[in-house]
Amino acid sequence: MARRLSAVVETWPIAGGFATARGAKTEATVVTVQIEQDGVVGRGECVPYARYGESAESVLAQIASIRYLVEQGGSGCDLLAAVPAGAARNAVDCALWDLAAKRAGMPARELAGLPEPVSPVTAFTISLGTPEAMALAARAAPHRKVLKLKLGGSDGRDRERAAAVRMAAPGATLIVDANEGWSLAQLTELAEPLAALGVRLIEQPLPAGADAELEGFSSSIPLCADESCHGVDDLSALARRYQAVNVKLDKTGGLTAAIEVVAAARALDLKLMVGCMVATSLAMAPPLLLAGMADHVDLDGPLLLARDREPGLRYKPDGTIMPAPAALWG
């Protein structure tokens with residue numbers, strides 16, 4: 001029986017809003033793909049991201065452009081040459097993995113040759129706000145082992161924000177994400193004070209186009225490329241500027257490409273974060289397969305939503321993620 005591909009746009013309300021240096025939003029817009037074959041349905045989810053020139057409409061158009069390829073039996077490897085890395089390829093690629101796992105009657109992890117599943121602890125994101133608001137959010141999550149602080153505010157109070165969260169959560173591991181919101185001068189000014197607060201990692205401090213300024217920069221806190229890291233071709237330059245990379249499937253364009261990025265990053269001695277956009281558990285399940293190879297895990301998308309898919313991932317109060325139920329994906 002021939003395959004049938006369909007894609008729909010969905011919106012999911014965010015609990016209390018989500019703010020970064022790039023802006024704020026109150027709902028997550030996702031595109032969900034289904035591929036049906038012989039009565040079996042594989043699913044995938046992606047997040048169109050305006051930062052990369054994507055919209056729900058452009059993602060749907062890209063998916064439509066490869067419909068024939070997919071419906072005629074195209075594989076995830078075929079997609080690599082047919083469509084650029086990004087959200088559209090991610091949703092279709094993950095749906096193909098889900099379909100293949102269900103048709104084979106075996107976990108996607110085994111099909112991909114990935115390590116045994118783990119139950120990692122995810123970072124929990126504290127949105128950018130006033131120092132007082134961020135401290136309040138940290139106190140409202142007393143059991144979270146890892147907190148990821150969105151910084152990059154234009155008011156010069158980022159040091160106060162981090163200090164307020166540290167006081168509110170003295171035992172938590174802290175990660176900072178500036179979302180391209182700093183200059184090299186700001187990074188230089190903030191690095192040591194943040195280190196004194198116990199910050200373990202700084203994500204994407206400078207705009208992606210300004211990465212070269214980091215060559216020769218020395219910090220006691222490792223730097224992690226996020227917006228600068230999309231595919232394997234980025235890694236050799238990033239290895240001269242960062243100590244870690246954040247692998248997100250919406251950037252790599254799916255699990256197939258992400259597996260290649262992980263292997264190449266490890267070969268360059270780069271540390272790994274497995275990250276996500278704000279989305280449902282359907283988008284978290286594929287990158288969860290990579291968690292066993294990661295040094296940092298940031299797959300808290302469903303925790304930021306007012307509601308999630310059913311069945312969804314199960315998170316323990318400290319942020320531990322349990323293996324994805326078979327009915328969800330893979």
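Residues numbered from 1 in each chain as written. Predicted model: local features only at pLDDT ≥ 70, side-chain atom pairs only at ≥ 80, totals over all residues. Heavy atoms only, no water.

Asker: Please provide a residue-by-residue account of the packing of helix α6 (residues 131-139) against helix α7 (residues 158-168), values included.
Answerer: Interhelical geometry of α6 versus α7 gives an angle of 30° and a closest axis separation of 8 Å. Taken together, the axes of α6 and α7 lie roughly parallel to each other. Two packed elements cross with a definite hand, and for α6 against α7 that hand is right-handed. Between α6, through Pro131, Met134, Ala135, Ala138 and Arg139, and α7, the contact on the second element is made entirely by Glu160, Arg161, Ala164, Val165 and Ala168. Its residues assigned to classes, the contact of α6 with α7 comprises seven nonpolar, no polar and three charged. (Axes fitted to C-alpha atoms, helices over the stretch in contact; angles between N-to-C directions. Helix = DSSP H or I, 4+ residues; strand = E, 2+ residues; numbered from the N terminus. Parallel < 35°, antiparallel > 145°, perpendicular 65-115°, else oblique. Left-handed = near helix turned anticlockwise from the far one by under 90°. Contact = heavy atoms within 4.5 Å. Nonpolar A, V, L, I, M, F, W, Y, C, P; charged D, E, K, R; others polar.)

Asker: Residue-level account of the layout of surface pockets, with values.
Answerer: For the largest pocket, the calculated volume is near 520 Å³. Those elements giving two or more residues to the lining of the largest pocket turn out to be β1 (4-20), β2 (23-37) and β5 (146-150). Partitioned by chemical class, the residues of the lining of the largest pocket number eleven nonpolar, five polar and twelve charged. Quantified by volume, the second largest pocket comes out at close to 290 Å³. Among the secondary structure elements, those contributing two or more residues to the lining of the second largest pocket are α5 (108-112) and α12 (281-288). (1 Å grid on protein atoms, 1.4 Å probe; cavity = no way out; pocket = protein on both sides within 12 Å on 5 of 7 lines; lining within 4 Å. Points joined across faces, edges and corners; volume = space filled by probe spheres on them.)

Asker: Account for the sheet that holds β1, naming residues and giving values.
Answerer: Across a sheet, strands are paired by hydrogen bonds formed along the backbone, either parallel or antiparallel in direction. The three strands lie next to each other as β1-β2-β3, forming an open sheet whose pairing is antiparallel. Of all strands in the sheet, those bounded by a partner on one side alone are β1 and β3 (40-46). Strand-to-strand, the axes of this sheet are offset by a mean angle of 20°, without reference to chain direction. (Pairing = 2+ DSSP bridges.)

Asker: Would you mind going over the sheet that holds strand β6 (residues 173-177) in detail, with residue names and values included?
Answerer: The eight strands lie next to each other as β4-β5-β6-β7-β8-β9-β10-β11, forming an open sheet whose pairing is parallel. In this open sheet, the two strands that pair with only one neighbour each are β4 (124-126) and β11 (296-297). As paired elements, strand β8 (residues 223-225) and strand β9 (residues 244-247) share two bridges and run parallel to each other. Bridging across to β9, alanine 225 finds its partner in valine 245.

Asker: Tell me about the pattern of salt bridges, and name the residues and values.
Answerer: Tallying each qualifying case throughout the model produces 24 salt bridges. Ionic pairing is found between arginine 109 and glutamate 110, a salt bridge with its closest N-O pair at 3.4 Å. Given a relative accessible area of 41%, glutamate 110 falls into the partly exposed group. Ionic pairing is found between arginine 157 and glutamate 132, a salt bridge with its closest N-O pair at 3.7 Å. One end of the pair, arginine 157, is in the loop between β5 and α7; the other, glutamate 132, is in helix α6, with 25 residues separating them in the sequence. Judged by its relative accessible area of 25%, arginine 157 is partly exposed. A cluster of three or more residues bridged by salt bridges with shared partners is formed by Lys148, Lys150, Asp177, Glu203 and Asp298. (Salt bridge = Lys/Arg side-chain N within 4 Å of Asp/Glu carboxyl O. Buried < 20%, exposed > 50% of the residue type's maximum accessible area, 1.4 Å probe, protein only.)

Asker: Can you explain α6? Please cite residues and give values.
Answerer: Three or more residues of α6 are buried, namely Pro131, Met134, Ala135 and Ala138. On an axial view of α6, the arc spanned by its buried residues comes to 100°, and they lie on one face. Contacts made by the buried residues of α6 are with β4, β5 and α7. (Arc of directions from axis to C-beta.)

Asker: Which residues make up the environment of valine 199, and what values do they have?
Answerer: Along the polypeptide, valine 199 turns up in strand β7 (residues 199-203). With 52 residues separating them along the chain, valine 199 and leucine 147 place their C-alpha atoms 9.8 Å apart.

Asker: Any details on the environment of aspartate 318? Residues and values, ideally.
Answerer: Counting through the fold element by element, aspartate 318 comes out in the segment after β11. Given a relative accessible area of 18%, aspartate 318 falls into the buried group. For the pair aspartate 318 and alanine 100, spaced 218 residues apart in the sequence, the C-alpha separation amounts to 33 Å. Contact partners of aspartate 318, with chain neighbours within four places excluded, come to Val121, His143, Arg144 and Lys145. At a separation of 2.8 Å, a polar atom in the side chain of aspartate 318 contacts the side chain of threonine 320. (Polar contact = N/O pair within 3.5 Å; in protein donor to acceptor, adjacent residues only side chain to side chain.)

Asker: With reference to specific residues and values, describe unusual backbone geometry.
Answerer: Residues glutamate 310 and proline 311 are joined by a peptide bond in cis, for which omega reads -5°. Relative to the helices and strands, proline 311 is located in the segment after β11. The phi dihedral of asparagine 179 falls on the positive side, at around 50°, and the residue is not glycine. Relative to the helices and strands, asparagine 179 is located in the loop between β6 and α8 (184-196). Judged by its relative accessible area of 7%, asparagine 179 falls in the buried class. Phi angles above zero are rare outside glycine, and glutamate 180 is one such case at about 70°.

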